[in-house]
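Breakdown of the fold
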Amino acid sequence: MSAAHNVYVPEGTFGVLDAGEIPVQTTDWSNEIAVPMAHGALIVTGIHTGEIRATATSLTGPAPVHADDVWEEIVEVSVQAPTGGLRVESLEQGPVDGLAPLSPTGPDWYRLRVHARGRSLHPDKTSPEPVDDYLVMTWPAPRADADINETRPRARAQRTPAATARSLREQRTGDALDSPAPTT
């Protein structure tokens, strides 16, 4: 497992992206943390803008889910890596040096488990110091439905999926889009 590294978060998200691609029009907003896309996933943070701490590791098979008080939220989703380049990335600064690649068997489907804590400390605010922590794990596995393993109530203003998707599209293209973002 790699050591924790800071990741810059714009607009309340960072990515587990395949070759840096963000097919935001394909997002599945069925849970509030790990948002799978046609390939890769977005991870929704508590803070709006600033640094978070992330650790990433790839495994050969599923790790047991430990019921402890360390993590407030644990979610699993399936992600596809068509190029085999799955990595933790800042949506503005790209791949995070020092964090392990997450698709060790190359192009394939992977199970992505995201452990999170601290998302309720500065909801939708900025923070010069990391307050959110994430452990990102992957292993090769066939496509499957999302699994929410652990959640605890959070005092967090809800960011609407459509607004987040619109903001991400604008950020990537530099253009404001008049049409509303698709919701699923």
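Residues numbered from 1 in each chain as written. Predicted model: local features only at pLDDT ≥ 70, side-chain atom pairs only at ≥ 80, totals over all residues. Heavy atoms only, no water.

Brief notes about the overall build of the protein
To be explicit about the condition: Strands are runs of DSSP state E lasting at least two residues, helices are runs of H or I lasting at least four, and both sets are numbered from the N terminus onward. Whether a residue is buried, partly exposed or exposed follows from its accessible area with a 1.4 Å probe, protein chains only, as a fraction of its type maximum: under 20%, in between, or over 50%, in that order. Contacts between residues were defined by any pair of non-hydrogen atoms, one from each residue, lying within 4.5 Å. Note that accessible areas follow from Shrake-Rupley with a 1.4 Å probe, and for residues the cover is restricted to the protein chains shown.
If you tally the helices and strands in the protein, you get 1 helix and 12 strands. Looking at the protein residue by residue over its 184 residues, the buried ones come to 49%. Put simply, 78% of the contacts in the protein that link residues at least 6 apart link residues at least 24 apart. Total accessible area computed for the protein in this model is approximately 8,300 Å², and 51% of it derives from carbon and sulfur atoms.

What to know about the confidence of the model for the protein
Stated formally: As a per-residue measure, pLDDT reflects the predictor's confidence and takes values from 0 up to 100.
Per-residue confidence for the protein averages 85 on the pLDDT scale, and 79% of its residues sit at or above 70. Within the model, pLDDT remains below 50 along residues 154-163, and this stretch shows 27 contacts once partners closer than five positions in the same chain are excluded. Predicted confidence is poor over residues 175-184, with pLDDT under 50, and the contacts of this stretch with residues over four places away or in other chains come to 19 contacts.

Topic: unusual backbone geometry
Glycine aside, residues mostly have negative phi, and peptide bonds are mostly found in the trans state. Located in the positive-phi region is A19, a residue other than glycine, with phi close to 60 degrees. By secondary structure assignment, the location of A19 is in the loop between strand 2 (13-18) and strand 3 (34-36). Of the residues examined, A19 reaches a relative accessible area of 49% and is grouped as partly exposed. Even without being a glycine, D124 presents a positive backbone phi close to 55 degrees. Judged by its relative accessible area of 26%, D124 is partly exposed.

What to know about the side chain of R111
Note the cut-off: Here a polar contact is recorded for every N or O atom pair within 3.5 Å, except that within protein the pair must consist of a potential hydrogen donor and a potential acceptor, and residues adjacent in sequence are included only if both atoms are side-chain atoms.
Looking at the element boundaries, R111 is found in strand 9 (residues 108-117). A distance of 3.2 Å separates a polar atom in the side chain of R111 from a polar atom in the side chain of E76. Not counting chain neighbours up to four residues away, the residues in contact with R111 comprise E76, V77, S78, M137, T138, W139, A141, A144, D145, A146 and D147.

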